[in-house]
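Below, each chain spelled out in residue letters.
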Amino acid sequence: MPLFLCIYIHDDDDDDIHAYIYMDGMSVLKTKMTEEAESKALPPPSPPKHVPSGSNRSPMARRGFGTKGQKIQLVTNHFNVKLSSTSDHFYQYSVALFYEDGTPVEAKGVGRRVLDMLYTLYSSEMGGKEFAYDGEKTLFTVSPLRGTKLEFPVLLENLSSNRTVRGGGSPSEGDTKRSRRPPQSKSYNVKINYATKIPIQAIFNALRGHDSEQFHEAVRVLDIMLRQHAAKQGCLLVKQSFFHNDPRNSISIGGGVVGCRGFHSSFRATQAGLSLNMDVSTTMIVRPGKVVDFLLENQNAKSIRDIDWMKAKRMLKNLRVKTFPSNLEYKIIGLSEKPCRQQMFLMKQRNADSPSDPIEITVSDYYAKYRNQELIMSHDYPCLDVGKPKRPVYIPLELCELISLQRYTKALSSLQRAKLVEQSRQKPQDRMNCLMDQLKRSNYTADPLINSTGITINTACTQVEGRVLEPPKLKFGNGGDLVPRGGRWNFNNKTLVEPTAVTRWAVVNFSARCDTNSLCRDLLRCCKAKGMNLEAPHSVIQENHQSSRNPAPARVELMFEAIKQTLPGPPRFLLCILPERKNSGIYGPWKRKCLVENGIVTQCIAPTRINDQYLTNLLLKINAKMGGLNSVLSVEHLHSIPMVSRIPTIIIGMDVSHGSPGRSDVPSIAAVVSSRKWPLISQYRASVRAQSARCEMIDALFKPVSPKEDEGMIRELLVDFYQSTPKLKPAHMIIFRDGVSESQFDQVLNIELEQIMQACKYLDDNDWNPKFLVIVAQKAHHTRFFQPRSDVNVPPGTIIDTKVGHPKNYDFYMCAQNGPIGTTRPTHYHVLLDQIGFSPDDLQELVHSLSYVYQRSTSAISVVAPICYAHLAAAQMSQFVKFDDMSDTASSHSGGGGAGSSSGGGGFTQIPKLHENVCSSMFFC
């Protein structure tokens, strides 16, 4: 009977770093209707998008444990937690805050201060019971409060907020009134209503394999207690991580942005019981200090005269500053329209007897005359506006400092991200010591609320037993075999297993620094040594010096005109030398011109130092893109992979990449790659689509547009498999999926898997009845493994499926890669559904082996190759539209080989369709 294997994987972010890479958006493609079309009757509605009915799948239970591999003793950053009582409950209450006039409080951050004051004032009325407050609308207690509905008035004095009293919008008025009244205070009315109770017994039930929503709620209460404990210490809270205001934890990454090192902590149910998972975490904050200094660094400006004030306004909005010498705190809402010496406001004067008419005065004159402060550098530049939209309050730049621990949530540049990753790495033993020290400093045992739950946290790391799998043997050209050592290998004295011939090709050079003659000579020599037939390039086409001053798309167009004039016909391959390694504006337009409009395989490089290793890596990419194979698994060559080699099998990797946070106008990019030419599992093609912003579930897997036509991604890949294999339909379907969290497992099983099943039925509803194995793999988790008393990472091929796994569900951790720098992060695999019947050993061996088929690398990678290819395909296709205005004539079809609709259903434009010459290639490699 035909079978399918489906595997899903979570985001492979850098080491727990709260940072974002920017993805430029795509404007909406507006379709035009002709007058003739408008006069006709409305067309019949297209078939409705499939909504699964009756699907109620849930993650499967563990079938067993693996046994293969050399055993190894490890420790992990989980700390065992004991609960002394099973009969108690957590009591949940809703919290509502109102101002004196009954208006709901919407300001963020004030809740904790109000609730802290409430407990100080009304502890006896609340029965002396400590509570855990989530900072928003919910609090929890270990025993019930006195009554189900409580209401308390609370007066907060000396609020650390915009203290200026705004009447006419001037700094003078606030100053005058402040001197005549007591420190500002604000009254609140707090309403607390009983909601429900959560049995602590749910935690014990989950540890015995009986998971429930009540368990997740109970663990949430414990996590909120940890957050509140950190908040009382003045920490910045970001989800389940906390960050102390300690300059020693800061990492400067440029642009006025600082990486702040902190800690993640959360409770998890494991096979060994409840555990506290602690790990190092990093978030981005704005560099505290003078506002002017921040702007200079942020814009890389030499002096204040060079600052772009429009950019400055966007950057500073909603940041908080402290003024001196008054030491008051404000929130920035914008900048003044005019500089200090010209910006006027009405100042109300108060004489001893009666108020006089307001006078108009500039900000500079006000500070000189009424504050005795001569401005030094702010006269000719805008003021900060810290008032309200209709009541501005202006303060000169030089009198303001940014306060500490303010999150920087904008996208990082690739250079910033690279610097952050490099500087935030920690050796395994340093990381372990850091966690142990933080657990002791946190001193959770001293928190009365945590103590009241009966929790005891062990301060020793959990010991686990792992297994180190043998690396798979690799096959090269001329019958050569090799067993990788330490997760690595090389091509010294070896040839490619399937080299391709590269004819009719040329070099295009956008860089004035590159010696193209030397590059071509060395590349030809290296290709010959590796068994690859690379002809001498027809031409080396240099960019005209004057053209380099044009915008990137125009430079690409001019280069293609030169190509047409120089070459006798369309080339099969173009080697493109970029002027800079990162953030090159030419990359996106060039890739689109080659892959979409002309169907030419291309490889971009920006060499700084050319040696044999660089050239070998370059030709590995070229060979894979041109249809060759660099190396394969020996078991792949011998057709001896269990459950794969004897039955037609397609392996699929899926990924969804999103734009930067807050950009709802930027669609998400879904990429699906699939293996071809079975029984190979090392060669892939891609299908890429745009979908609604921030949508994680892929919505284009199955898209019926008529009773017999499906424009979905799965059909596109299945047809390619059928054509690249001797007319065989895949009986096994192995799908690796990235970006799925535990809360989305049911959606994966009941929405995405259902779409895949429907796509198969739509293709052939007769005798083809595939079965599935569904696995989720996650990288964005906080479990790490360490060799005791060693600064060396766990060996490549290490697998752990006991003690720290799920109490019931089928999961395991794998460290396939060699980790020479920093601390290795394992991939956490969750087997959601298995209709095939893989044994634990066979499945773990398969996943491990798929880390060795990544064609552009000579080392094992941390996740299976199809996932990495899906990452690359999504990233590259998104570049096609980065500099494009998406005119009405732009293509809107699939990024792969299938058809597509004119626009996305979510109000976005589909990404362009690849040329038929390259749609089945590994263009993303």
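Residues numbered from 1 in each chain as written. Predicted model: local features only at pLDDT ≥ 70, side-chain atom pairs only at ≥ 80, totals over all residues. Heavy atoms only, no water.

Structural notes on the overall build of the protein
No. 1: Broken down by element type, the protein carries 20 helices and 43 strands.
No. 2: In the protein, which comprises 925 residues, the proportion classed as buried is 55%.
No. 3: Split by element, the accessible area of the protein, about 40,600 Å² in all, is 48% carbon and sulfur. (Helix = DSSP H or I, 4+ residues; strand = E, 2+ residues; numbered from the N terminus. Buried < 20%, exposed > 50% of the residue type's maximum accessible area, 1.4 Å probe, protein only. Areas by Shrake-Rupley, 256 points an atom, 1.4 Å probe, with all protein chains shown as cover.)

Notes on the side chain of Gln426
No. 1: Among the structural elements, Gln426 can be located in the loop between helix H9 (414–424) and helix H10 (428–442).
No. 2: Beyond its immediate chain neighbours, meaning those up to four positions away, Gln426 contacts Arg261, Val280, Arg431, Cys434, Gly822 and Thr823. (Contact = heavy atoms within 4.5 Å.)

A few points about the pairing of strand S30 (residues 573–577)
No. 1: With respect to burial, S30 is a largely interior element, five of its five residues being buried.
No. 2: Alternating residues of S30 divide into Phe573, Leu575 and Ile577 and Leu574 and Cys576, and every residue in both groups is buried.
No. 3: Across five bridges, strand S27 (residues 505–509) lies against S30 in parallel orientation. Within S30, the residue paired with Val508 across the bridge is Cys576.
No. 4: Both S30 and strand S31 (residues 601–605) contribute to a ladder of five bridges, which runs parallel. (Pairing = 2+ DSSP bridges.)

Considerations on a positive patch on the surface
No. 1: A surface patch of like charges, here positive, comprises Lys331, Lys348, Lys388 and Arg391.
No. 2: With respect to the secondary-structure elements, Lys348 resides in the loop between strand S18 (344–347) and strand S19 (359–362). (Patch = residues over 30% accessible without salt bridge, like charges linked within 9 Å, V, L, I, M, F, W, Y side chains within 5 Å. Salt bridge = Lys/Arg side-chain N within 4 Å of Asp/Glu carboxyl O. Lys, Arg positive; Asp, Glu negative; His and termini not counted. Charge placed at Lys NZ, Arg CZ, Asp CG, Glu CD.)

Side note on the sheet that holds strand S29 (residues 540–542)
No. 1: Taken in spatial order, the four strands of this open sheet run S29-S27-S30-S31, and their pairing is parallel. Both outer strands of the open sheet, S29 and S31, are each paired with one neighbouring strand and no more. Taken pair by pair, the neighbouring strands of this sheet meet at an average axis angle of 20°, ignoring direction.
No. 2: Its contacts with the sheet place helix H12 (residues 516–529) against S27, S29, S30 and S31, and it is angled at close to 135° to S30.
No. 3: Here helix H15 (residues 612–625) sits on the sheet and contacts S30 and S31; the angle it forms with S31, its principal contact strand, is near 160°. (Axes fitted to C-alpha atoms, helices over the stretch in contact; angles between N-to-C directions.)

Focus: the environment of Val105
No. 1: Here Val105 shows up in the loop between strand S4 (89–99) and helix H2 (110–122).
No. 2: For the pair Val105 and Asn189, spaced 84 residues apart in the sequence, the C-alpha separation amounts to 9.6 Å.
No. 3: Those residues within four positions of Val105 in sequence are excluded, and the remaining contacts are Leu97, Phe98, Tyr99, Val110 and Tyr188.

Quick word on the sheet that holds strand S25 (residues 481–482)
No. 1: The three strands are arranged S25-S24-S32 in an open sheet whose pairing can be described as antiparallel. The open sheet is flanked by S25 and strand S32 (632–633), the only strands paired with a single partner.
No. 2: Here strand S24 (residues 474–475) pairs with S25 via two bridges, running antiparallel. When the bridges of S25 are listed, Leu474 appears paired with Leu482.

Topic: the side chain of Asp738
No. 1: Relative to the helices and strands, Asp738 resides in the loop between strand S38 (732–737) and helix H18 (745–763).
No. 2: Notably, Asp738 is buried but unbridged: the nearest opposite-charge side chain belongs to Arg737, and the N-O separation is 6.5 Å.
No. 3: Among the polar contacts made by the side chain of Asp738, one reaches the side chain of His871 at a distance of 3.0 Å. (Polar contact = N/O pair within 3.5 Å; in protein donor to acceptor, adjacent residues only side chain to side chain.)

Quick word on helix H7 (residues 309–316)
No. 1: If you check which residues of H7 are buried, you get Trp309, Ala312, Met315 and Leu316. Angularly, the buried residues of H7 cover 115° about the axis, an arc narrow enough to put them on a single face. When the buried face of H7 is taken as reference, the exposed residues oriented beyond 90 degrees from it are Met310 and Arg314.
No. 2: For H7, the elements touching its buried residues are helix H6 (291–298), strand S17 (334–339) and strand S20 (382–385).
No. 3: The N-cap of H7, judged by a side-chain oxygen 3.0 Å from the amide nitrogen of Met310 a few residues on, is Asp308.
No. 4: Directly beyond the C-terminal end of H7, a positive phi value near 75° is found at Asn318. (Arc of directions from axis to C-beta.)

What about the pairing of strand S42 (residues 810–815)?
Looking along a regular strand, one sees the side chains alternate between the two faces of the sheet.
No. 1: Among the six residues of S42, six are classified as buried, and the element is accordingly described as predominantly covered.
No. 2: Along S42, one buried face is formed by Tyr810, Phe812 and Met814 and the opposite face, lined by Asp811, Tyr813 and Cys815, is buried too.
No. 3: Pairing of strand S41 (residues 798–800) with S42 involves three bridges; the strand directions are antiparallel. Directly across from Thr798, in S42, lies its bridge partner Cys815.
No. 4: Bridge count between S42 and strand S43 (residues 827–834): five bridges; the pairing is antiparallel. When the sheet's bridge partners are listed, Met814 is paired in S43 with Thr827.

What about the packing of aromatic side chains?
No. 1: Enumeration according to the criterion identifies 21 aromatic pairs in this entry.
No. 2: Ring geometry for Tyr119 versus Phe131: centroids 5.9 Å apart, planes at 80°, classification edge-to-face. Placement of Tyr119 in helix H2 and of Phe131 in the loop between H2 and strand S5 (132–133) is noted, with a sequence separation of 12 residues between them.
No. 3: An angle of 20° between the planes, with centres 5.8 Å apart, marks the rings of Trp489 and Tyr852 as stacked. Note that Trp489 is positioned in the loop between S25 and strand S26 (501–502) and Tyr852 in the loop between helix H19 (840–849) and helix H20 (865–880), a separation of 363 residues in sequence. There is no split in this pair, since Trp489 and Tyr852 are both buried.
No. 4: Three or more aromatic residues joined by ring pairs form one cluster here, namely Tyr684, Tyr854, Tyr869, Phe923 and Phe924.
No. 5: The cationic tip of Lys494 hangs over the ring face of Phe476; the distance from NZ or CZ to the ring centre is 5.9 Å.
No. 6: One cation-aromatic arrangement involves Lys593 over Phe560; the distance from NZ or CZ to the ring centre is 5.9 Å. (Phe/Tyr/Trp six-rings, centres within 6.5 Å; stacked < 30°, edge-to-face > 60°. Lys NZ or Arg CZ within 6 Å of the ring centre and 35° of its normal.)

As for H2
No. 1: Taking 1.5 Å per residue as the helical rise, H2 with its 13 residues ought to reach 18 Å, and the 18 Å between its terminal C-alpha atoms agrees with that figure.
No. 2: Residues of H2 that are buried include every one of Val110, Gly111, Arg112, Val114, Leu115, Leu118 and Tyr122, and no others. (Expected span 1.5 Å × (residues − 1).)

Here we look at unusual backbone geometry
No. 1: A cis amide bond, omega 15°, links Phe324 with the succeeding residue Pro325.
No. 2: Structurally, the position occupied by Pro325 is in the loop between strand S15 (320–323) and strand S16 (329–331).
No. 3: Residue Pro679 follows Trp678 across a cis peptide bond; omega there is 20°.
No. 4: With respect to the helices and strands, the residue Pro679 is situated in the loop between strand S34 (668–675) and strand S35 (684–691).
No. 5: For Leu405, which is not glycine, the phi torsion reads 55° and is therefore positive.
No. 6: Mapped onto the elements, Leu405 comes out in the loop between strand S22 (400–402) and H9.
No. 7: Residue Leu405 is classed as buried on the basis of its relative accessible area of 15%.
No. 8: In this structure, Asn443 is a non-glycine residue whose phi angle is positive, near 50°.

Things to note about the packing of helix H17 (residues 713–724) against H18
No. 1: Relative to each other, H17 and H18 sit at 55°, their axes nearing to 9 Å. Taken together, the axes of H17 and H18 are oblique relative to one another. The element H17 and its partner H18 pack so that their crossing is right-handed. Residues Ile714, Arg715, Leu718 and Val719 of H17 form the contact with H18, whose participating residues are Ile756, Ala759, Cys760, Tyr762 and Leu763.
No. 2: Of the residues in the contact of H17 with H18, the class split is eight nonpolar, no polar and one charged. (Parallel < 35°, antiparallel > 145°, perpendicular 65-115°, else oblique. Left-handed = near helix turned anticlockwise from the far one by under 90°. Nonpolar A, V, L, I, M, F, W, Y, C, P; charged D, E, K, R; others polar.)

Some words on the packing of helix H14 (residues 587–598) against H20
No. 1: The interhelical angle for the contact between H14 and H20, taken along N-to-C directions, is 95°, at an axis separation of 7 Å. The orientation of H14 with respect to H20, classified from their angle, is roughly perpendicular. Only Gln876, Gln879 and Phe880 of H20 make contact with H14, whose side of the interface consists of Tyr587, Gly588, Lys591, Arg592, Leu595 and Val596.
No. 2: Looking at side-chain class alone, the contact of H14 with H20 contains four nonpolar, three polar and two charged residues.

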